[in-house]
Amino acid sequence: MKAAFFADFTQNVETEERRVGGMRARLGADCLIGVMSGNYLQNGLPSPMMARQRAGCALAAGVDLLMRQSNYASLSSLGIYAFSGAKVLDKLGGVDVLALETEQASREELEEIVRLLIANPRELQQKVGDYKRQGMPFYQAQAKAMGAYVSRGSEIMSSQRNVFAVECIKALKLMYSKIATVCVPVKADLNAEVALTGAALKRISDQLRYQLYLLEDELSDIYGGYEQLTERILQHRAAFVDFHQFAGEVAGSEKELSDVRKYFFRLLCHMKKSAAGIWRMYDFSPYCMVYWQKEACFKELAQGSKICLLDERLAAGADGKLVEQQAASTGKAERSFERQAASMERSKRNLLKLEERAEYLYRLQMGLE
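Parameters at a glance
Residues numbered from 1 in each chain as written. Predicted model: local features only at pLDDT ≥ 70, side-chain atom pairs only at ≥ 80, totals over all residues. Heavy atoms only, no water. Helix = DSSP H or I, 4+ residues; strand = E, 2+ residues; numbered from the N terminus. Rg over C-alpha atoms; globule rule 2.2 N^0.38 Å. Buried < 20%, exposed > 50% of the residue type's maximum accessible area, 1.4 Å probe, protein only. Contact = heavy atoms within 4.5 Å. Areas by Shrake-Rupley, 256 points an atom, 1.4 Å probe, with all protein chains shown as cover. Expected span 1.5 Å × (residues − 1). Arc of directions from axis to C-beta. Salt bridge = Lys/Arg side-chain N within 4 Å of Asp/Glu carboxyl O. Phe/Tyr/Trp six-rings, centres within 6.5 Å; stacked < 30°, edge-to-face > 60°. Lys NZ or Arg CZ within 6 Å of the ring centre and 35° of its normal. Disulfide = S-S within 2.5 Å. Pairing = 2+ DSSP bridges. Axes fitted to C-alpha atoms, helices over the stretch in contact; angles between N-to-C directions.

### Quick notes on the overall build of the protein
- In terms of regular secondary structure, the protein is built from 17 helices and 9 strands.
- In terms of C-alpha radius of gyration, the protein reaches 21 Å, essentially the compact-globule figure of 21 Å for 369 residues.
- Taken along its principal axes, the extent of the C-alpha atoms in the protein is 60 × 50 × 40 Å.
- A buried classification covers 55% of the 369 residues belonging to the protein.
- Long-range pairs, those at least 24 residues apart, make up 74% of the contacts in the protein between residues at least 6 apart in sequence.
- Carbon and sulfur atoms make up 50% of the accessible area of the protein, which amounts to about 16,500 Å² in all.

### A short note on helix H6 (residues 122–133)
- With 12 residues, H6 should reach 16 Å at 1.5 Å per residue; the first-to-last C-alpha distance of 16 Å fits that figure.
- All buried positions along H6 are accounted for by Leu124, Val128, Gly129 and Tyr131. End-on, the buried residues of H6 take up no more than an arc of 165 degrees, which puts them together on one face. Within H6, the exposed residues directed more than 90 degrees away from the buried face are Arg122 and Arg133.
- Buried residues in H6 make contact with helix H5 (107–119) and helix H7 (138–146).

### Points about H5
- Given a rise of 1.5 Å per residue, 13 residues ought to cover 18 Å, and the 18 Å separating the end C-alpha atoms of H5 matches this to within 8%.
- Residues Glu109, Leu110, Glu111, Ile113, Val114, Leu116 and Leu117 constitute the buried set of H5.
- Remark: Asn120 follows H5 within two positions and exhibits a positive phi of approximately 45 degrees.

### Regarding the pattern of salt bridges
- For the structure on display, the rule yields 21 salt bridges.
- For the salt bridge of Arg107 with Glu111, the shortest nitrogen-to-oxygen distance reads 2.0 Å. A residue pair is termed a helical-turn pair when its members lie 3 or 4 positions apart in one helix, as Arg107 and Glu111 do in helix H5 at 4 residues.
- The partly exposed category is assigned to Arg107, whose relative accessible area is 24%.
- Given the relative accessible area of 13%, Glu111 is considered buried.
- For the salt bridge of Asp259 with Lys262, the shortest nitrogen-to-oxygen distance reads 3.5 Å. Here the residue Asp259 and the residue Lys262 both occupy positions in helix H13 (residues 257–268), the gap between them amounting to 3 residues, near one helical turn.
- The class for Lys262 is buried, based on a relative accessible area of 2%.
- What emerges from the salt-bridge pattern is a single network uniting Glu16, Arg19, Glu101 and Arg161.

### Observations concerning the packing of aromatic side chains
- The final tally for this structure, using the stated rule, is 17 aromatic pairs.
- Each ring, one from Phe243 and one from Phe264, has its centre 6.4 Å from the other, and the planes form 70 degrees; the classification is edge-to-face. Here Phe264 lies in helix H13 and Phe243 lies in helix H12 (residues 243–251), a separation of 21 residues in the sequence. Across this residue pair, the class does not change: Phe243 and Phe264 are buried.
- Here a set of aromatic residues connected by ring pairs shows up, and it is made of Tyr40, Phe240, Phe243, Phe246, Tyr263, Phe264, Phe265 and Tyr362.
- Cation over ring: Arg237 sits above Tyr213, and NZ or CZ is 4.0 Å from the ring centre.

### Topic: the state of the cysteines
- Overall, the coordinates contain 1 disulfide when judged by the stated rule.
- Cys31 shares a disulfide with Cys297; S-S distance 2.0 Å. Sign of the S-S torsion, about -50 degrees for the bond between Cys31 and Cys297, identifies this disulfide as left-handed. On the criterion of sequence distance, the pair formed by Cys31 in strand E2 (residues 31–36) and Cys297 in helix H15 (residues 295–304) is long-range, its members being 266 residues apart.
- The thiol of Cys183 is unpaired, and the distance to the nearest cysteine sulfur, on Cys168, comes to 11 Å.

### Brief notes about the sheet that holds strand E7 (residues 308–311)
- One open sheet holds the 7 strands; their spatial order is E5-E4-E1-E2-E3-E6-E7, and the pairing between them is mixed. Where the open sheet ends on each side, the last strands, each with one partner, are strand E5 (180–185) and E7. Taken over all neighbouring pairs, the strand axes of this sheet differ in orientation by 30 degrees on average, direction set aside.
- Pairing geometry for strand E1 (residues 2–6) and strand E4 (residues 97–102), over 3 bridges, is parallel. Bridge pairing in E4 links Phe5 to Ala99.
- Seen against the sheet, helix H9 (residues 160–174) touches E1, E4 and E5 and runs at an angle of roughly 155 degrees to E4.

Have a look at this one:
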């Protein structure tokens, strides 16, 4: 059986090995697939380690195949990130089960919430709207509204893990996927937020402050931007101190802090709505980076895949770091990744170029260049 799960592998190898081992034992999977974000995480902050390093950690921890979502997905809202990940797995084909980590919520309770969200009755929409007008961020408003329809609904939907699980289940149902879902209860948060170093915070703050003036006329053209947000940014711009302070000022009590952070990184990456529109045109899944431990597992899935798998020809060394595998058939240093990228449609190549620039920006922010 082939099973998948979402994780960002930001902990040490030993911790992740326990997590992966428990997941494999629980699911009885002979091929375990991890799905992770890129260099930016869903909390709206840069990852403490480069995506390739985290991929190495995942493989060293026992994951057979790792799929790295695009930068567009990583910097999107939680719901879009979940839909994109589900779409990637559905297009991959051959995946039997998606395991979803949850907190004090049963599969039946989550299914009840999903059915309600898909039906989206007018009364629920009105309640969510009313709570938002009272100054609540969307997911807080949705959680409070859910309490009127589902027993423990507010409590369940106050957990980001549970919200993500609901979004994944909903996405798979909407795309009529054959992938089954199972809930894996967890207690501790294995993806706790890691603070930025002072040096990284200063570099990010300097970049952001500069772009807030340079791209003032384009703020609403950035993916996720809109006039109200632009006005709020300009209103607080003169009081800019650093990235954290400014994101908090702009978010206030009405907006999700993580979403504001992600918008700022989209601004720094110059990720415009036009580029995101192309990404959406490909069902949020034009391609996916892959790293593998079991070549047989990778080849089997790649044969039936409906998504472009960009194989970076990397594998985990004994220390968990990734090492490049040379293409023995040609004896050249050119990687499979580069050959595959060159064969993609122009629009996909343009998306990938923006991701490559974003990776360089990340390296600058984290002091790796």
